[in-house]
Amino acid sequence: MSHITKIVSGAAVLILTLSAVDVRADDSGPLGHAAPIVFENANESLGISGMSAGNAAWGDYNNDGWVDVTDGGNLWRNEGGRKFVKVQRAGPTDGSWIDFDNDGWLDYYAWQSGRLFRNKGDGTFEDVSDRIPERPMSNSRGAAWGDYNNDGYLDVYVGGYETPGYQPDALYLSEEARAFKFIDLPHEKNRPARGVTAADYDNDGDVDIYVSNYRLEPNLLWQNDGKGGFTDVGVQARVDGDKPLGAWGHTIGSSWGDLDNDGDIDLFAGNFSHPPAYQDRPKFYENLGAEQAYAFSDHQLAGVRWQESYAHPALGDFDNDGYLDLFFTCVYSGDKPVLYRNNGNWTFSEVTGESKVHLSNTYQGAWADFDNDGDLDLLTGGVINRNPGNGHHWLKVKLDGGTAMNRDAIGAIARVHVGGHVIARHVESTTGEGNQNDMTLHFGLGRHDQPVKMIITWPNGDEQEITTPVDRLVKVAHE
């Protein structure tokens, strides 16, 4: 592999350069829109019985090439995309998959209890919770992993909720995976955190953190200085939330993603909001880029209809047209989760009915291509919804940073050049409120069927260039 000029320091960047195509913000999507997707309830055909509706976390824990999943307590092993077998409890409760010790095996962190389980590589896990100091919070609803000080090892930010008093958040920096060091954050006050999500929104090579706070409290945007030091810039960036008539929102979960295909990472804030207008509604925040100091513009609901009990959002390009779509859960009786297709012009069209996604009130929702056919499937409400596809082309990329850096490439940004658009994707440990999409990078390519060139910038500054055909999984290891 060739090493070329560094693009972004401290973050892996993948660039796919495509030939010029017709890019339109209408029903055809950026690369061509086909017939509507009709999902299938796949539980019976996959031999699944009794799957829980707790938080979902997708990850290939046994390295067999088929992504497995936890459902909030149980670990389900994917056997060739044909069936799932419940093999054990992955941990006490909800959690996420991360390779905290860079040994090539996904470990499991149960953020609700603070327990850390090391994958021994033989299908079993070792409890190594004593590596993380005692937590200052007694209740947590989510955590986000990232290499916050750019030393090559994953760190973790844990949100504190309430019991009933508001609990503090906490940051733990890894000491080469042997132990974690507690870092006291410069909080103005404790606030009830729900979802915690991370992304390099300002393109400076380090991972920043967004904290979704409940109880009509403002949200936090922790800007990283590259050494694990954070400053809350939520007000300056205009993503703390609105206080129109006296209250911010009840934000349960938020999701980062390039929603307008300009190459910058945007943000969706998933606000639960009671009927009075003084409470902040869900909203789409557009990242205005370097010229506007990476502040955000509020597009509010962008065509998504309001419901009172919206809870957890998950972004994914389910129709492979190049635009990130929105799945958004609800939790009150009378409200229903929704699936919205991104039109590409900061409007969204509801396709909940025609898609036939299984709907139940839940906090569960996460995307993964469990059957390796190139399109994203959805786990929600204890049901795996199989995506039959629509003929669009695709590419999946799995990055392996080796042992000299963050092996998961969490915090990576992927940019796809399509005509005048630049589509960005990023690797993250969690989305919304404590759910986890598969960390494999996924690109819908629409009608484009020609080979693409990839330029990969690794967190240590090395870059590699390859060209690959589409409609396949590409594994790229650092050399």
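Before going into details, it helps to say that this report is about the structure given with it. (Residues numbered from 1 in each chain as written. Predicted model: local features only at pLDDT ≥ 70, side-chain atom pairs only at ≥ 80, totals over all residues. Heavy atoms only, no water.)

### So, the overall build of the protein chain
Inference 1: A count of helices and strands for the protein chain gives 2 helices and 36 strands.
Inference 2: For the protein chain, restricting intrachain contacts to residue pairs at least 6 apart in sequence, the fraction spanning at least 24 positions comes to 56%.
Inference 3: Per element, the accessible surface of the protein chain, about 16,100 Å² overall, is 47% carbon and sulfur. (Helix = DSSP H or I, 4+ residues; strand = E, 2+ residues; numbered from the N terminus. Contact = heavy atoms within 4.5 Å. Areas by Shrake-Rupley, 256 points an atom, 1.4 Å probe, with all protein chains shown as cover.)

### Brief notes about the packing of aromatic side chains
Inference 1: Within this structure, the stated rule accounts for 26 aromatic pairs.
Inference 2: With a centroid separation of 5.6 Å and 75° between ring planes, the pair formed by Tyr148 and Phe230 is classed as edge-to-face. Here Phe230 lies in strand β18 (residues 230-232) and Tyr148 lies in the loop between β11 (143-146) and β12 (155-158), a separation of 82 residues in the sequence. Assigned by exposure class, Tyr148 and Phe230 land together as buried.
Inference 3: The interplanar angle of 15° and the centroid separation of 5.9 Å between the aromatic rings of Tyr201 and Trp256 together place this pair among those described as stacked. Linking Tyr201 in the loop between β15 (193-199) and β16 (208-213) with Trp256 in strand β19 (residues 250-257), this pair joins segments that are 55 residues apart in sequence.
Inference 4: Of the residues examined, Tyr201 reaches a relative accessible area of 2% and is grouped as buried.
Inference 5: The class of Trp256 is buried, set by a relative accessible area of 2%. (Phe/Tyr/Trp six-rings, centres within 6.5 Å; stacked < 30°, edge-to-face > 60°. Buried < 20%, exposed > 50% of the residue type's maximum accessible area, 1.4 Å probe, protein only.)

### A word on the sheet that holds strand β22 (residues 296-298)
The strands that make up a sheet pair up through hydrogen bonds in the backbone, lying either parallel or antiparallel.
Inference 1: The 4 strands are arranged β19-β20-β21-β22 in an open sheet whose pairing can be described as antiparallel. Two strands in the sheet have a free side with no partner beyond their single neighbour: β19 and β22. Taken over all neighbouring pairs, the strand axes of this sheet differ in orientation by 25° on average, direction set aside.
Inference 2: Direction of pairing for strand β21 (residues 283-287) relative to β22: antiparallel, over a ladder of 3 bridges. Across the sheet, residue Tyr285 finds its bridge partner in β22, namely Asp298. (Pairing = 2+ DSSP bridges. Axes fitted to C-alpha atoms, helices over the stretch in contact; angles between N-to-C directions.)

### What about the pairing of strand β29 (residues 383-386)?
Here is the key point about a regular strand: its side chains alternate between the two faces of the sheet.
Inference 1: A two-sided burial pattern is seen for β29, the buried positions comprising Val383 and Asn385 on one face and Ile384 and Arg386 on the other.
Inference 2: Bridge count between strand β2 (residues 40-41) and β29: 2 bridges; the pairing is antiparallel. Across the sheet, Glu40 pairs through a bridge with Arg386, a residue of β29.
Inference 3: For strand β28 (residues 377-380) and β29, the ladder comprises 3 bridges, and the chain directions are antiparallel. Each residue of the ladder has a partner; that of Leu378, found in β29, is Asn385.

### Description of the sheet that holds β29
Inference 1: The sheet built from 4 strands is open, its strands ordered β2-β29-β28-β27 with antiparallel pairing. Because the sheet does not close on itself, it has two edges, and the strands there are β2 and β27 (366-368).

### Some thoughts on the pairing of strand β30 (residues 393-400)
Inference 1: β30 sits mainly inside the fold: 6 of its 8 residues count as buried.
Inference 2: Alignment of β30 against strand β33 (residues 441-446), held across 5 bridges, turns out to be antiparallel. Residue Val397 lies in a different strand from β33, and its bridge partner there is Leu441.

### A short note on the environment of Leu116
Inference 1: Checked against the element boundaries, Leu116 lands in strand β9 (residues 115-119).
Inference 2: Using a relative accessible area of 0% as the deciding quantity, one classes Leu116 as buried.
Inference 3: The residues touching Leu116, leaving out its near neighbours within four places in the chain, are Ile98, Phe100, Tyr108, Tyr109, Glu126, Asp127, Val128, Ser129, Ile132, Trp145 and Phe180.

Fair warning: the whole summary comes from geometry, so function is off the table for now.
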